[in-house]
Amino acid sequence: MEHSSDDIASARSLQFATYINVSISTIWLYDYACSLHEEWTFLLRSQWSKVKCMYIVTRYLPFIILAVNLYLNFTSNDNSNRCQVLGIMGTGLGVASVIFSECLFILRTYVVWNKNRMLLAATLSTFFTFIVASLIIDSTASVLAKYATSAIPGITGCYNSSTSFQLFIQYLLLSVFQLGLMMLTLIRAIQSWRMNSNRLYVVLVKHNVFYYTCGFLFSLTNVFTSLLFQYAYRTLLEEFQVIILAILATRMHHHLWQMNQHAYRSDALVRIPISDMSSLNSTV
């Protein structure tokens, strides 16, 4: 049986998406295995706080996301309704993961700005406005979405075949938000680089800038892929962005906590008031 060029292209996109998802899962599991000792040291020794709960959600939610997406990739999904349910579930969990990752760094920006409550209120208001807008776009797109499977036997998985371009808006909003937070961090760093040169503060600023830069570039890339690509290629980097942001957020939280613990023991550093970030409890 001969297949059209469209069937072959969609099958290749599904195969490529499967390779990418397996690679992402491998990266996540490898990162978790390498940091297992640090992970449990942090979980057992750090004080319980709202920030720690946010960390745990950010750290372990990707396991569920990866499981859902791998199931979607490797299971024969002849039922389009089941594809749609799994697709919506994966997208929703991905959005939740990004929200928790971003909230961790919003609080870091709040600390960099000497706990300016007006800045925190403005940042959270903007962030949750963007979240509501993204959820509305997601829900509208999910209702109208049509999921397709490969017509070629042996090719598993399904993808959103809708031609709607609404999804690029949520990436555009996220990129604007991350660019704004990066600028806020840089402005504060320029203002205080002579007055505050202790090591923890410098690391905090570097973490913020690096995280926001990565997030901005990923979001901008997803804007273009959602507009220019077809088949499964359109959403190829969505999961990659979610997982990389989760890795960065949790790894940087580990690093900052370890440095702060060292500062407690040695008293050689002038600490900024974050301890294990439990002092931020009052802000959430």
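Up top is the structure these notes are about.
The rules we used
- Residues numbered from 1 in each chain as written.
- Predicted model: local features only at pLDDT ≥ 70, side-chain atom pairs only at ≥ 80, totals over all residues.
- Heavy atoms only, no water.
- Core = buried A, V, L, I, M, F, W, Y, C linked by side-chain atoms within 4.5 Å.
- Buried < 20%, exposed > 50% of the residue type's maximum accessible area, 1.4 Å probe, protein only.
- Helix = DSSP H or I, 4+ residues; strand = E, 2+ residues; numbered from the N terminus.
- Contact = heavy atoms within 4.5 Å.
- Axes fitted to C-alpha atoms, helices over the stretch in contact; angles between N-to-C directions.
- Parallel < 35°, antiparallel > 145°, perpendicular 65-115°, else oblique.
- Left-handed = near helix turned anticlockwise from the far one by under 90°.
- Salt bridge = Lys/Arg side-chain N within 4 Å of Asp/Glu carboxyl O.
- Phe/Tyr/Trp six-rings, centres within 6.5 Å; stacked < 30°, edge-to-face > 60°.

K.L.:
Just to check I follow, could you spell out the nonpolar core for this structure?
P.N.:
Core analysis: the largest hydrophobic core is formed by 24 residues, its most contacted members being Phe-105 and Tyr-211. No other element matches the six residues that helix H4 (residues 80-112) contributes to this core. If we ignore the near neighbours within four places in the chain, the residues touching Phe-105 are His-207, Asn-208, Tyr-211, Tyr-212, Ala-249 and Met-252. The next biggest cluster of nonpolar side chains, apart from the first, holds 12 residues, and it includes Trp-113, Ala-189, Leu-200 and Leu-256.

K.L.:
What is the right way to read the packing of helix H2 (residues 36-45) against helix H3 (residues 50-74) from this model?
P.N.:
In a pair of packed helices, the angle between the axes and the distance between the axes together describe the arrangement. One way to put it is that H2 packs onto H3 with a least axis distance of 11 Å and a crossing angle of 150 degrees. The orientation of H2 with respect to H3, classified from their angle, is roughly antiparallel. Between H2 and H3 lies a crossing of left-handed hand. Mapping the contact onto sequence places Glu-39, Phe-42 and Leu-43 in H2 and Lys-52, Tyr-55, Ile-56, Arg-59 and Tyr-60 in H3.

K.L.:
Teacher, can you tell me more about the pattern of salt bridges here?
P.N.:
Pairing of side chains with opposite charge becomes possible as their charged atoms draw close. Following the criterion strictly, the structure yields four salt bridges and no others. For the salt bridge of Arg-59 with Asp-31, the shortest nitrogen-to-oxygen distance reads 3.1 Å. You can see Arg-59 sitting in helix H3 and its partner Asp-31 sitting in helix H1 (residues 5-34), a full 28 residues away along the chain. Of the residues examined, Asp-31 reaches a relative accessible area of 8% and is grouped as buried. Close ionic contact of Glu-38 with Arg-251 constitutes a salt bridge, the shortest N to O distance being 3.9 Å. Here Glu-38 is found in helix H2, whereas its partner Arg-251 is found in helix H8 (residues 238-266), with 213 residues between them in sequence. Classification of Glu-38 by relative accessible area gives partly exposed; the value is 29%.

K.L.:
Can you walk me through the packing of aromatic side chains in this structure?
P.N.:
For any pair of aromatic rings, geometry is given as the distance between the ring centres together with the angle between the planes. Considering all chains together, one arrives at 13 aromatic pairs under this definition. On the numbers, 5.9 Å between centres and 75 degrees between planes, the contact of Tyr-32 with Tyr-60 is edge-to-face. Residue Tyr-32 is located in helix H1, and its partner Tyr-60 is located in helix H3; the two are separated by 28 residues in the primary sequence. The class of Tyr-60 is partly exposed, set by a relative accessible area of 25%. Judged by centre distance (5.3 Å) and plane angle (80 degrees), the rings of Phe-42 and Trp-257 are edge-to-face. You can see Phe-42 sitting in helix H2 and its partner Trp-257 sitting in helix H8, a full 215 residues away along the chain. Since its relative accessible area comes to 6%, Trp-257 is described here as buried.

K.L.:
Honestly, the environment of Trp-113 in this entry has me stumped. Any pointers?
P.N.:
Take Trp-113: it is sitting in the loop between H4 and helix H5 (117-144). Trp-113 sits in the buried class, given a relative accessible area of 17%. C-alpha of Trp-113 to C-alpha of Thr-185: the two residues are 72 residues apart in sequence and 8.1 Å apart in space. Non-local contacts of Trp-113, meaning those with residues more than four positions away in its chain, are made with Leu-119, Leu-184, Thr-185, Ile-187, Arg-188 and Gln-191.

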